[in-house]
Amino acid sequence: MEYITYLAEQMDDELDGAEEYAHAACKHKDVRPTYAKHLHDMSMDELRHAQYINDEARRYIKEHTETPELRHVWDFVTRQSDKRIERVNEMLQRFREDIARQ
């Protein structure tokens, strides 16, 4: 369980970063468009990192079938994470739409 807890904390950190970068990209898009694009890309990188962590957790759970509660715990973590990922993706989509209109 300790490893799954660690992965959940890591996932949370990555999503914090993704959200912060997405907010910053939106904030700077009009005045500093190049910087804003970099922030957008950094947010996307953080989302990718979160996916890597999810992949690792799923692999670990598959290997540890003797502990079925791990899957239940991780399912809870991903339900919460999925909500955050959706919010970040919506922000990034609005950013891209705004940039395309400029």
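Up top is the structure.
All values reported here derive from a predicted model rather than from experimental measurement. (Residues numbered from 1 in each chain as written. Predicted model: local features only at pLDDT ≥ 70, side-chain atom pairs only at ≥ 80, totals over all residues. Heavy atoms only, no water.)

(A) Structural context of the overall build of the protein. A count of helical and extended segments in the protein gives 3 helices and 0 strands. Considered along the principal axes of its C-alpha atoms, the protein spans approximately 55 × 15 × 15 Å. Counting all 102 residues of the protein, 36% fall into the buried class. Across the protein, the fraction of contacts at a sequence separation of at least 24, relative to all contacts at a separation of at least 6, is 74%. Carbon and sulfur atoms provide 52% of the accessible area of the protein, an area that totals close to 6600 Å². (Helix = DSSP H or I, 4+ residues; strand = E, 2+ residues; numbered from the N terminus. Buried < 20%, exposed > 50% of the residue type's maximum accessible area, 1.4 Å probe, protein only. Contact = heavy atoms within 4.5 Å. Areas by Shrake-Rupley, 256 points an atom, 1.4 Å probe, with all protein chains shown as cover.)

(B) Inspection of the pattern of salt bridges at higher detail. Applying the stated criterion across every chain, the model contains 12 salt bridges. In this structure, Arg84 engages Asp12 in a salt bridge whose closest nitrogen and oxygen atoms are separated by 2.5 Å. Here Asp12 lies in helix H1 (residues 2-28) and Arg84 lies in helix H3 (residues 69-101), a separation of 72 residues in the sequence. In this structure Arg84 comes out as buried when scored by relative accessible area, which is 13%. A relative accessible area of 37% places Asp12 in the partly exposed class. Because the salt bridges share partners, they merge into one network encompassing Asp12, Asp16, Glu19, Arg84 and Arg87. (Salt bridge = Lys/Arg side-chain N within 4 Å of Asp/Glu carboxyl O.)

(C) Up close: the nonpolar core. In this structure, Ile4, Leu7, Met11, Leu47, Trp74 and Val88 are the most contacted members of the largest nonpolar core, which totals 19 residues. Put simply, the parts of the chain that give this core at least two residues each are H1, helix H2 (33-63) and H3. The leading source of residues in this core is H1, at 7 residues. In this view, Trp74 contacts Ile4, Leu7, Ala8, Met11, Ile53, Asn54, Ala57, Arg58 and Ile61; residues no more than four positions away in its chain are not counted. Ala24, Ala36, Leu39 and Phe95 belong to the second largest nonpolar core, which has 5 residues in total. (Core = buried A, V, L, I, M, F, W, Y, C linked by side-chain atoms within 4.5 Å.)

(D) Examining H3 more closely. Between the first and last C-alpha of H3 there are 48 Å, a value that for 33 residues agrees with the 48 Å anticipated at 1.5 Å per step. Looking only at H3, the buried set comprises Leu70, Trp74, Val77, Thr78, Ser81, Arg84, Val88, Met91, Leu92 and Phe95. In this structure, the buried side of H3 is in contact with H1 and H2. (Expected span 1.5 Å × (residues − 1).)

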